[in-house]
Amino acid sequence: MKYTSYAVIALIVLGSVCCFAYRRHPAVAPGTGGLKDYYKNYFPIGVAVSAHALQTDEAGLLISQFNSLTPENAMKMGVIHPGEQWYNWKEADSIAAFARRNGMKLRGHTLVWHRQAPGWIFKDANGQQVSKEVLLQRLKEHITTVVKRYKGTVYAWDVVNEAISDDPREFCRSSLWYRICGEEFIEKAFQWAHEADPDALLFYNDYNEINPVKRKKIIKLLNGLVSKGIPVHGIGLQGHWAINEPSREQLENTFKDFIPLGLKLQITEFDVSVYPKEHEMRTRQAGDSAAVFTPAVEQQQIEQFSMCFEIFRKYSSALTGVTFWNISDRHSWLDNFPVRGRKDYPLLFDKDLQPKKAFWSVVRF
Ligand code: GLA
């Protein structure tokens, strides 16, 4: 064989080795920063995590790409306060320690929610529903204990999550919190959180604000709280969106309607499903298995991510954070919602933790 043939073979081998080594490395590309660096003049970039993720190869990606964390489940009432005299701090503490160690911000999620609430909180020793007084007292104890523990580490709390109804005829969601306490639990939650940590920024968090009817109700709730002097500092827009919604117009209108309130805005749970948006859980149907992440769908997702970030940058004087809900397409809550077991690809990193094309569409501006 001629020397040139050896040289060609050597180059091919070397090229494949380098390519393999590069694919294994979670960093984006030599010399470029992470998402947080591209957006350092705009807003922090956060991500929802489990304590387990911090022990895996995802930890490197977290540190290189993000500068804010939210515990996906670890601070929810059912997890952190499973019994009246029983607080389970383990996972939340380890996420808080990771954030401190790596100089990352930490958002607390969430102090009152109708889901993932522990059964005991609504019941007395005989299994009967508790009175408003008892429930509010328990809520106060919960909020005070949890908020004080993470004082100085959690800079912002989602105090109340999803209290507004999706039903256009109803204002508050008819949750057990509401049925037992009326609207009062909302204002009390903010007051108690503020008493426990006067420095923490307190958010009302909800989904589907791109719907003008629901948005109007959220604005009414917040105007009411602000006019009563309740300490509320921000609105969390979850941002569980999809390739087909929101439209540019819906998103712009959302920002334009919220900004006059003068509160901080954050996107708190961002993802872009590759399936058309459905709001309710449903069973799997025959066509579902055929749906995959095709090049056409990938292109729609690239355009949707790019449009959302363009609007986020445009309104960055009001927007103080964008948090993704989950790290990479390896795992997302959307793998089980709205269809259990239907794989989704809603994030900027693929299953190998590599940046997707959509990643480049949000950092090249
Ligand atoms: C809501 C909650 C989150 C999370 C998602 C689904 O958006 O606020 O904590 O549970 O649902 O995972």
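As shown above, the structure is provided for reference.
Since the structure is predicted, the reported quantities are computational estimates derived from the model, not experimental observations.

A.B. asks: Can you tell me about the overall build of the chain, naming the residues and giving the values?
C.D. replies: When you go through the chain residue by residue, the secondary structure sums to 12 helices and nine strands. For 365 residues, the compact-globule estimate of 2.2 N^0.38 gives 21 Å, and the chain sits close to it at 22 Å. For the C-alpha atoms alone, the extent of the chain along its principal axes is close to 90 × 45 × 40 Å. With 365 residues in all, the chain has 52% of them scored as buried. Once local pairs closer than 6 in sequence are excluded, the contacts in the chain between residues at least 24 apart make up 77%.

A.B. asks: Which residues make up the side chain of Thr110, and what values do they have?
C.D. replies: In this structure, Thr110 sits in strand 3 (residues 105–112). Thr110 sits in the buried class, given a relative accessible area of 2%. Among the polar contacts listed, one links the side chain of Thr110 to the backbone oxygen of Asp158, at a separation of 2.9 Å. When neighbours within four sequence positions are excluded, Thr110 is seen to be in contact with Met75, Lys76, Met77, Asp158, Val159, Val160 and Asn161.

A.B. asks: So what about the site of the ligand? Which residues, and what values?
C.D. replies: Taken together, Lys76, His109, Trp113, Gln116, Asn161, Glu162, Gln238, His240, Glu269, Trp325 and Trp333 form the complete shell of residues around the ligand. Here an oxygen atom of the ligand and a side-chain polar atom of His240 are 3.2 Å apart. For the ligand, whose free accessible area comes to 300 Å², the fraction covered by protein is 88%. Classifying every residue of the shell around the ligand gives three nonpolar, five polar and three charged.

A.B. asks: Summarise the environment of Lys351; cite the residues concerned and give the values.
C.D. replies: Mapped onto the secondary structure, Lys351 falls in the loop between strand 9 (319–324) and helix 12 (357–363). By relative accessible area, which is 43% here, Lys351 ends up partly exposed. Apart from the residues lying within four places of it in its own chain, the contact partners of Lys351 are Asp329, Arg330, Lys343 and Tyr345.

A.B. asks: An account of the pattern of salt bridges is requested, with residue identities and associated values reported.
C.D. replies: In total, this model carries 22 salt bridges according to the counting rule given. With a shortest N-O distance of 3.0 Å, Asp57 and Arg330 are connected by a salt bridge. With Asp57 in the loop between strand 1 (45–49) and helix 3 (58–65) and Arg330 in the loop between strand 9 and helix 12, the pair connects residues that are 273 residues apart, well separated along the chain. Relative accessible area serves as the criterion here: at 35%, Arg330 is assigned to the partly exposed category. Each of Asp166, Arg173, Asp206 and Lys214 takes part in a single network of salt bridges with overlapping partners.

A.B. asks: If you had to explain helix 5 (residues 90–101) to someone new, which residues and values would you point to?
C.D. replies: The end-to-end C-alpha distance of helix 5, which contains 12 residues, comes to 16 Å, matching closely the 16 Å that a straight helix rising 1.5 Å per residue would cover. For helix 5, the full list of buried residues reads Ala92, Ile95, Ala96, Phe98 and Ala99. In a view along the axis of helix 5, the buried residues occupy a sector of 160°, so they form one face of it. Exposed side chains of helix 5 directed beyond 90 degrees from the buried face belong to Lys90 and Arg101. A positive backbone phi angle near 60° is found at Gly103, which sits one or two residues after helix 5.

A.B. asks: So what's going on with the packing of aromatic side chains? Which residues, and what values?
C.D. replies: The way to describe two aromatic rings as a pair is by their centre distance and the angle between their planes. Counted according to the given criterion, the structure contains 28 aromatic pairs. Both rings, one in Tyr39 and one in Phe309, keep their centres 5.2 Å apart while their planes meet at 50°; by these two values the pair is tilted. Residue Tyr39 is located in the loop between helix 2 (35–38) and strand 1, and its partner Phe309 is located in helix 11 (residues 295–314); the two are separated by 270 residues in the primary sequence. Both rings, one in Phe349 and one in Phe359, keep their centres 5.5 Å apart while their planes meet at 55°; by these two values the pair is tilted. Of this pair, Phe349 sits in the loop between strand 9 and helix 12 while Phe359 sits in helix 12; the two residues are 10 residues apart in sequence, bridging distant segments of the chain. By relative accessible area, which is 1% here, Phe349 ends up buried. The ring of Phe203 has Arg107 sitting right over it, with the charged end atom 5.0 Å from the ring centre. Lys214 extends its terminal NZ or CZ atom over the ring of Tyr207, reaching a point 3.6 Å from the ring centre.

A.B. asks: Can you explain the environment of Lys105? Please cite residues and give values.
C.D. replies: Relative to the assigned elements, Lys105 resides in strand 3. On a C-alpha basis, the gap between Lys105 and Gln285 in space is 41 Å, while along the polypeptide they are 180 residues apart. When near neighbours in sequence (up to four residues on either side) are disregarded, Lys105 contacts Pro44, Asn67, Ser68, Leu69, Ala99 and Tyr155.

What counts and how
- Throughout this document, residue positions are counted from 1 along each chain, in the order its sequence is written.
- Reporting in this predicted model follows two pLDDT cut-offs: at least 70 for local features of residues, and 80 or more for side-chain atom pairs to be given and counted; totals over whole chains, interfaces and linings ignore these cut-offs and use all residues.
- Only heavy atoms go into the side-chain values, all of them from the structure, while hydrogens and water stay out.
- To qualify as a helix, a DSSP run of H or I must reach at least 4 residues; to qualify as a strand, a run of E must reach at least 2; elements of each kind are numbered from the N terminus.
- Radius of gyration here is computed from C-alpha atoms only, and the compact-globule reference equals 2.2 Å multiplied by the residue count raised to the power 0.38.
- Whether a residue is buried, partly exposed or exposed follows from its accessible area with a 1.4 Å probe, protein chains only, as a fraction of its type maximum: under 20%, in between, or over 50%, in that order.
- Any two residues whose heavy atoms approach within 4.5 Å are treated as being in contact.
- Identification of polar contacts relies on pairs of N or O atoms within 3.5 Å, with a donor-acceptor requirement for protein atoms, meaning one able to donate a hydrogen and the other able to accept it, and with residues adjacent in sequence counted only if both atoms are side-chain atoms.
- Nearness is defined per residue: one heavy atom within 4 Å of the molecule or strand is enough.
- Method for areas: the Shrake-Rupley scheme with a 1.4 Å probe, in which residue coverage is limited to the protein chains shown.
- Residue classes follow a fixed rule: Ala, Val, Leu, Ile, Met, Phe, Trp, Tyr, Cys and Pro count as nonpolar, while Asp, Glu, Lys and Arg count as charged, and any other residue, Gly among them, counts as polar.
- The rule for a salt bridge is simple: a side-chain nitrogen of Lys or Arg has to be within 4 Å of a carboxyl oxygen of Asp or Glu.
- Expected helix span is given by 1.5 Å per residue-to-residue step, counting one fewer step than there are residues.
- Throughout, the arc means the angular range of directions from the helix axis out to the C-beta atoms.
- Each Phe, Tyr or Trp ring, with Trp reduced to its six-membered ring, pairs with another whose centre is within 6.5 Å; inter-plane angles below 30 degrees give stacked pairs, above 60 give edge-to-face pairs, and intermediate values give tilted ones.
- Whether a charge sits over a ring depends on NZ of Lys or CZ of Arg being within 6 Å of the ring centre and within 35 degrees of the ring normal.

On their own, these measurements won't tell you what the molecule is for.
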